[in-house]
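# Reading the structure
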Amino acid sequence: MDLYDKLVDLLANHTIDEIGLLPCVPDATDIPPATRHYHPLVVVDGKLGVALDTLTALLQQSQQRFTEASSSDEAQQEETSRVLILLKPDHYTAMNVRKRLVCDKKRTIAQELALLDLIFTVSRHTKSAIAWHHREWLLTRDLAQLDIEAERRLCERSATLYPRNYYAWHHRFWLLEQMNAAAIEEEYESMVAWAGAHVSDHSGIHHLGQVVERWLVPAPSKRLAAHVAWLDNVTQQFPGHESLWAHRRACAMLMLERTDETTWPQSQHRWIDNVLHYKPKHADLDTSPASWHQQHVLALRYGLWLCLLRAKVMKNEPVSLIRHYLDQLRLVDPRPIYNALLLDNTRIGRDVA
């Protein structure tokens, strides 16, 4: 049997729940005798291992079988397209065949979702835009099969296997749009816990901002104040992470748009001052000078941004505060990017008007 036939046979006779890419072909004697005849493919306890050295040949054979499959033979179409997307989920044509089989009721939505679950056990496959789109297409056809908790776990696992996974977070945003108020509460709690452990993941922190925007609805001022208190603590624990400061800007926009708070910007300026004067302690998680230098740069940029935002929205931010942040920024960040705003007070006033 060639590699393609071996793969088809083992998929038919073994329940595979995970696929892994191996750095090299293992010795046949290291494989359990019951599955040794599949070598160089490896099957152990429901796990399938495919060596990178054999992947190219296996893809070529799978592509050839897919191309040669008769369009009138649905069984052959199903087999060849299934093998091909297991190895290469970004294959448009093969994925479209899967859609046609679902539309023709030759494959159930549950079967296709299970196939995608298997595909997403490969870390690099979790970045497949086509596979995530196929999953949303399936669930949209029958929302009764949508298990939000299971989908949430899938997204979290994918984001862990492949950090800053835009497509996994985009799917989670799609889930957010399907959630009721109770589910949004759970999503907020889940995301706060996740973000506290992944403070440098921009995609995940951006999703947290989208969750907060919906979570605020019952009591915007109270809830946003509580969320910012959490953010203050995390930002202090993990200095120098730009994603947290970007999230703070999103919270500032929500505070100005969704609440009647007028003193909140002043409290933020006081908080920035505390950050700038904070002396790291031995008990802190991160005491490195580089992290705290970056923390000061990000704090000053946020303060300047907040001034410019208020000047545009409220027309009352004092130019002296803007100059204060600019002068300090030049000390910690000597790049000339701030020079345009430092020409004179008239220029500053005109730029923020």
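None of the values given here were measured: they were computed from a predicted structure.

## With respect to the nonpolar core
Core analysis: the largest hydrophobic core is formed by 93 residues, its most contacted members being L7, L10, I16, L41, L48, L224 and Y302. A per-element tally of this core places helix α14 (residues 289-314) first, with nine residues. Apart from residues no more than four positions distant in its own chain, L41 is found in contact with L3, K6, L7, L10, I31, L48, G49, V50 and L58.

## Re the packing of aromatic side chains
Taken as a whole and assessed by the stated rule, the structure comprises eight aromatic pairs. Judged by centre distance (4.8 Å) and plane angle (70 degrees), the ring pair of W169 and W194 falls under edge-to-face. Note that W169 is positioned in helix α8 (residues 166-177) and W194 in helix α9 (residues 181-197), a separation of 25 residues in sequence. In terms of burial, W169 and W194 fall into one category: buried. Measuring from centroid to centroid gives 3.7 Å for Y188 and W215, while their planes differ by 10 degrees, and the two rings are stacked. Residue Y188 is located in helix α9, and its partner W215 is located in helix α10 (residues 202-215); the two are separated by 27 residues in the primary sequence.

## Brief notes about the environment of L55
Within the secondary structure layout, L55 lies in helix α2 (residues 52-68). Relative accessible area serves as the criterion here: at 8%, L55 is assigned to the buried category. Sequence spacing of L55 and A114 is 59 residues, and the spatial spacing of their C-alpha atoms is 23 Å.

## Topic: the sheet that holds strand β3 (residues 47-51)
What the three strands build is an open sheet, ordered β1-β3-β2; its pairing is mixed. Since the sheet does not close on itself, it has two edges, and those belong to β1 (18-22) and β2 (42-44), each with one partner. Across the sheet, the mean angle separating the axes of adjacent strands is 25 degrees when strand polarity is ignored.

## Some words on the side chain of T259
Take T259: it is sitting in the loop between α12 (242-258) and α13 (264-277). For T259, a relative accessible area of 9% gives the class buried. In this structure the side chain of T259 is engaged in a polar contact, spanning 2.5 Å, whose partner is the backbone oxygen of M255. In this structure, T259 is in contact with P220, S221 and L254, ignoring residues within four places of it in sequence.

## Notes on unusual backbone geometry
The residue after H39, namely P40, is reached through a cis peptide bond having omega 15 degrees. Inspection of the secondary structure puts P40 in the loop between β1 and β2. The phi angle at D45 is positive, at roughly 50 degrees, despite the residue not being glycine. Position of D45 among the secondary structure elements: in the loop between β2 and β3.

## Section: the side chain of H207
Considering the arrangement of structural elements, one finds H207 in helix α10. A polar contact of 2.9 Å, which involves the side chain of H207, links it to the side chain of E187. Ignoring anything within four residues of it in the chain, the contact list for H207 reads W169, R172, F173, L176, E187 and M191.

## Concerning the packing of helix α3 (residues 74-87) against helix α5 (residues 109-119)
Between α3 and α5, whose axes approach to 9 Å, the crossing angle comes to 35 degrees. For the pair α3 and α5, the crossing hand works out as right-handed. Contacts between α3 and α5 involve R82, I85 and L86 from the first element and L115, L118 and I119 from the second. Classifying every residue of the contact of α3 with α5 by side-chain character gives five nonpolar, no polar and one charged.

## Quick look at the state of the cysteines
Inspection of the entire model under this criterion finds zero disulfides. Cysteine C251 remains unbridged, with the sulfur of C307 as its closest cysteine sulfur at 18 Å. By relative accessible area, C307 is classed as buried at 0%.

## Details of α10
Taking 1.5 Å per residue as the helical rise, α10 with its 14 residues ought to reach 20 Å, and the 20 Å between its terminal C-alpha atoms agrees with that figure. Within α10, ten of the 14 residues are buried, which leaves it mostly tucked inside the rest of the structure. Regarding α10, the residues found buried are S203, G204, I205, H207, L208, G209, Q210, V211, V212 and W215. Those residues of α10 that are buried lie in contact with α8, α9, α11 (220-237) and α12.

## Notes on the pattern of salt bridges
Here the structure, examined in full by the defined rule, presents 21 salt bridges. Notably, a salt bridge pairs E156 with R172, separated by 3.5 Å at the nearest N-O pair. Linking E156 in helix α7 (residues 148-161) with R172 in helix α8, this pair joins segments that are 16 residues apart in sequence. Each of E149, R152, R153, E156, R172 and E187 takes part in one network of salt bridges that share partners.

Thresholds, definitions, all that
Residues numbered from 1 in each chain as written. Predicted model: local features only at pLDDT ≥ 70, side-chain atom pairs only at ≥ 80, totals over all residues. Heavy atoms only, no water. Core = buried A, V, L, I, M, F, W, Y, C linked by side-chain atoms within 4.5 Å. Buried < 20%, exposed > 50% of the residue type's maximum accessible area, 1.4 Å probe, protein only. Helix = DSSP H or I, 4+ residues; strand = E, 2+ residues; numbered from the N terminus. Contact = heavy atoms within 4.5 Å. Phe/Tyr/Trp six-rings, centres within 6.5 Å; stacked < 30°, edge-to-face > 60°. Pairing = 2+ DSSP bridges. Axes fitted to C-alpha atoms, helices over the stretch in contact; angles between N-to-C directions. Polar contact = N/O pair within 3.5 Å; in protein donor to acceptor, adjacent residues only side chain to side chain. Left-handed = near helix turned anticlockwise from the far one by under 90°. Nonpolar A, V, L, I, M, F, W, Y, C, P; charged D, E, K, R; others polar. Disulfide = S-S within 2.5 Å. Expected span 1.5 Å × (residues − 1). Salt bridge = Lys/Arg side-chain N within 4 Å of Asp/Glu carboxyl O.

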